Protein chains: 2
Amino acid sequence: MQSAPSIQKLLDELERLPGVGPKSAQRIAYYILNTESSQAIRLADAIHEVKEQVRFCGTCFNYAESELCEICASPIRVHEQICVVSEPKDIMPIERTGVFGGVYHVLHGALSPLDGIGPDELKISELLRRLGSEEVDEVVIATNPNVEGEATAAYLARLIRPLGVKVTRPASGLPVGGDLEYADEVTLGRAMEGRLEI
Amino acid sequence: MQSAPSIQKLLDELERLPGVGPKSAQRIAYYILNTESSQAIRLADAIHEVKEQVRFCGTCFNYAESELCEICASPIRVHEQICVVSEPKDIMPIERTGVFGGVYHVLHGALSPLDGIGPDELKISELLRRLGSEEVDEVVIATNPNVEGEATAAYLARLIRPLGVKVTRPASGLPVGGDLEYADEVTLGRAMEGRLEI
C-alpha cells in the first residue's frame, strides 16, 4: 500500500500506543492530518513537555514537576497517613474516591521472585526511611489484590508492624452493584469473613 | 483530582483524538510517561513532520509530500483509469484490495445541499479538467453507498458520460461472509438486480 512516508511513520508510532490498533491509528492519523496545525502541534508539544518536566517526587516517587509532587507538597493532606501503591497510575483511582486525605508512597512494582523482582527492586527502603523520619500513624497498603500484590502487602506488613505503626489494607468484598450469583469464591469468601454489623 | 499540570495538559490533548476517551487517554499518557524519552519524542516529531510535510497532490488531491502523490507519480499505475473517492482516507481500503491499478481523484466531500455543499465545494472542476487534458478510458466513482455518495455519483456520471468516458461504480451486493437472512432489503435488492451468471 502506498502512503506518504511521513504518514506511514506517524501510523507506526501511533500503533505502538497501548490500545491503539491499525484501525484506530489510521483514524487518529487522519484526524491529525485534517485538524488545524495549531491543535496537532499542541499534542506534540504536550508530549515533549511531559517528557521534559515530569520526574519522580523525592518523597513518594509519584510523578512530579518539582522536587515534591503536588500531594506531598500540599499542606491540607494528612501526612501521618501513607497509602502504599504499586504504580503512579494507582493513585488516580484512589484520589477519585475522595475518601483518602493522606499521602502516598509508590513502590514502582510488586514482589515477584519469578520475574527477579525482590525488595531491593522496589522503593521499600525509601518507605522505611520515611517511617523512621516522619510522624506516621497508619500505612494503608493498597497493592493490587492479586498474588504479587498480596505477597508485597504481607511482606511490608511484617516489616512495618514492629515499628509500632498501624498497617491496614483496603477491604476485599463484593463490588458495589455486583451480583452475588456471579461473584467468584475467593471474593465472596473474603466478603463473608469481613462481614460488618448493620 | 491532583495531577501534575503537564500530565493534565497531555490528557486533555489526548482526549480530543477520535475514539480516545478518558480511560484510553490515561492509559496512553502513562505509557508515554513510562516509555523511554526517545520513543515518546519520535511520536511528537512524527506529528510535527506530518503537519509540515503533507499537502495535497496537485493532480488528484490525495495527501502528498511533493507536488504529486506517490500514486500519481508512479509509472506503473494505469493513468487511464481514475477512481473518484470522497476523502483521502477512502484510498487506503481500495489499495488494500490490490485489484485496482489505476489512479485516484479525491473530491474532498460529497454533494449535500442541506449542508451547503454543492459542486463548487468539491474538486469536480479539477476532475473535469483532468478528463480534458489526460487520456482517460474509465472513471470508477467509488463514493460511499449512502444518500450523499449516490447523489454525487449520479451527478458526476451525468457530467462525464457525454465526454465519451466509461463511467462505472463498484457493485453493491451481499458482503462476502455475510448472511442472506440478515441483509437489509436495499442491499439484497441490489444484489439480486446485479446477479451474475456462474
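Residues numbered from 1 in each chain as written. Chains lettered and ligands numbered in written order. Predicted model: local features only at pLDDT ≥ 70, side-chain atom pairs only at ≥ 80, totals over all residues. Heavy atoms only, no water.

Asks: Outline the environment of valine 20 of chain A, supporting the account with residue identities and numerical values.
Replies: Position of valine 20 of chain A relative to the elements: it lies in the loop between helix 1 (5-15) and helix 2 (22-34). Overall, valine 20 of chain A belongs to the buried group, its relative accessible area being 9%. Taking C-alpha positions, valine 20 of chain A is 33 Å from proline 170 of chain A, a pair spaced 150 residues apart along the chain. Setting aside anything within four residues of it in sequence, one finds valine 20 of chain A in contact with Leu14, Glu15, Ala25 and Ile28 of chain A together with Ile28 of chain B. (Helix = DSSP H or I, 4+ residues; strand = E, 2+ residues; numbered from the N terminus. Buried < 20%, exposed > 50% of the residue type's maximum accessible area, 1.4 Å probe, protein only. Contact = heavy atoms within 4.5 Å.)

Asks: Outline the packing of aromatic side chains, supporting the account with residue identities and numerical values.
Replies: Applying the stated criterion across every chain, the model contains 6 aromatic pairs over all chains. With a centroid separation of 6.0 Å and 25 degrees between ring planes, the pair formed by tyrosine 30 of chain A and tyrosine 63 of chain B is classed as stacked. Note that tyrosine 30 of chain A is positioned in helix 2 and tyrosine 63 of chain B in strand 2 (residues 63-64), a pairing that runs across two chains. For the pair tyrosine 30 of chain A and tyrosine 63 of chain B, one class covers both residues: buried. Geometrically, the ring pair formed by phenylalanine 100 of chain B and tyrosine 104 of chain B is edge-to-face, given 5.4 Å between the ring centres and 65 degrees between the ring planes. The residues phenylalanine 100 of chain B and tyrosine 104 of chain B share a single accessibility class, namely buried. Through a chain of ring-to-ring contacts, the aromatic side chains of Tyr30 of chain A together with Phe56 and Tyr63 of chain B assemble into a single cluster. (Phe/Tyr/Trp six-rings, centres within 6.5 Å; stacked < 30°, edge-to-face > 60°.)

Asks: Explain the packing of helix 3 (residues 37-53) of chain A against helix 1 (residues 5-15) of chain B to me, and be specific about the residues and the numbers.
Replies: Axes are the key here: two packed helices are described by the angle between their axes and the distance separating the axes. One way to put it is that helix 3 of chain A packs onto helix 1 of chain B with a least axis distance of 9 Å and a crossing angle of 150 degrees. With respect to their mutual orientation, helix 3 of chain A and helix 1 of chain B come out roughly antiparallel. At the point where helix 3 of chain A passes helix 1 of chain B, the crossing takes the left-handed sense. Together, Gln39, Arg42, Leu43, Ala46, Ile47, Glu49, Val50 and Gln53 of chain A of helix 3 of chain A and Ser6, Ile7, Lys9, Leu10, Glu13 and Leu14 of chain B of helix 1 of chain B make up the contact between the two elements. Class assignment of the residues belonging to the contact of helix 3 of chain A with helix 1 of chain B gives a composition of 7 nonpolar, 3 polar and 4 charged. (Axes fitted to C-alpha atoms, helices over the stretch in contact; angles between N-to-C directions. Parallel < 35°, antiparallel > 145°, perpendicular 65-115°, else oblique. Left-handed = near helix turned anticlockwise from the far one by under 90°. Nonpolar A, V, L, I, M, F, W, Y, C, P; charged D, E, K, R; others polar.)

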